[in-house]
Amino acid sequence: MNATTEPRSQLFHQWLTAEDTRKKEEFFARLSGVKSHCIMCGSPSSQAKSGVTYFYETSDGSDAGFMEERCFSRFLLSSIYNLPQGLPGDDPVRLMLQDTIKESAFAFKPVSAGSGTEVECHRFDLSGLPMSSKAYQPGELAPPLDTLRGYGETLRDAFLFVHPITTGNPEAILMEENYRAFAKLKRHIAEQIC
Ligand SMILES: [Zn+2]
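Just so it is clear, the model here is predicted, and its values are computed rather than measured.

Trainee: Explain the overall build of the chain to me, please; I cannot follow it from the model alone.
Mentor: The number of helices and strands found in the chain is five helices and seven strands. Of the regular secondary structure in the chain, the N- to C-terminal order runs α-β-β-β-α-α-β-β-β-α-β-α. Principal-axis analysis of the C-alpha atoms places the extent of the chain at approximately 75 × 40 × 30 Å. Residue pairs in contact within the chain that sit at least 24 positions apart in sequence constitute 56% of those at least 6 positions apart.

Put into structure tokens, the structure is as follows:
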């Protein structure tokens, strides 16, 4: 080893350590802003580590957290797709919709409509391509809309973004590269609906 390579490799090592520290700090900063329970049913997200779960974040960044797969898909099937209650778990329409949901990102956006407020529900594929959208009365979408509560009875001028997580470790979405891809998709969708 000659005299110049050692300091250089040392510098590189220091840089790597600093970079690693920054990534860790950013990860824990994000994690501290994330609710630790499913916003649909209130059960701890640590109990929902298997299968597909969903990560959500409001566009203004003031709320973020997880939803269990069964809670979010049950909500979509009844409120968005109007599937009748009590349909068997192996019903073909239900299975098809569940597969679609797992491969989709959703945005819920309150908009003024006449004297009141409606909520647009947009479905996108995971590259951000718009697939469908429809407006609903806020009462029909109650639990997830709590994330957009503003002052008094109003909803904030923001949207709720929900994205599936296909790993067994929900927190991995908050790590550098994963979170960057998530934030990029959220920006791409914001450009289309705002
Ligand atoms: Zn739940």
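Trainee: Hey, could you run me through the nonpolar core in this one?
Mentor: When a protein is soluble and globular, its nonpolar side chains tend to lie buried together. In this structure, Tyr54, Met67, Ala107, Phe108, Leu160 and Phe161 are the most contacted members of the largest nonpolar core, which totals 28 residues. Elements supplying a minimum of two residues to this core: β2 (53-58), β3 (64-67), α2 (69-80), β4 (104-113), β5 (116-125) and β7 (160-165). Of all the elements, β4 adds the most residues to this core, at four residues.

Trainee: Would you mind going over the domain arrangement of the chain with me for this structure?
Mentor: Bring the parts together and some accessible area is lost; that lost area is often taken as the interface size. Taken as a whole, the chain is organised into domain 1 (1-32) and domain 2 (36-193). Its C-alpha centre places domain 1 at a distance of 36 Å from the equivalent point of domain 2. On the domain 2 side, the residues contacting the four residues of domain 1 number five residues. Grouping the amino acids of the side of domain 1 that touches domain 2 by side-chain chemistry returns two nonpolar, no polar and two charged.

Trainee: I tried to follow α2 on my own but got confused; where do I start?
Mentor: When the terminal C-alpha atoms of α2 are compared, their 15 Å separation across twelve residues agrees well with the 16 Å that a helix rising 1.5 Å per residue should span. Looking at α2, one finds that the buried residues are Cys71, Phe72, Ser73 and Leu76. Buried-residue contacts for α2 involve β1 (34-38), β2, β3, α3 (92-102) and β7. Once α2 finishes, Asn82 follows within two positions and takes phi at roughly 50°, a positive value.

Cut-offs used in this document
- Residues numbered from 1 in each chain as written.
- Predicted model: local features only at pLDDT ≥ 70, side-chain atom pairs only at ≥ 80, totals over all residues.
- Helix = DSSP H or I, 4+ residues; strand = E, 2+ residues; numbered from the N terminus.
- Contact = placed C-beta atoms within 7 Å.
- Core = buried A, V, L, I, M, F, W, Y, C linked by C-beta atoms within 7 Å.
- Buried ≥ 20, exposed ≤ 12 C-beta atoms within 10 Å, placed from the backbone.
- Domains from an automatic or database assignment.
- Nonpolar A, V, L, I, M, F, W, Y, C, P; charged D, E, K, R; others polar.
- Expected span 1.5 Å × (residues − 1).

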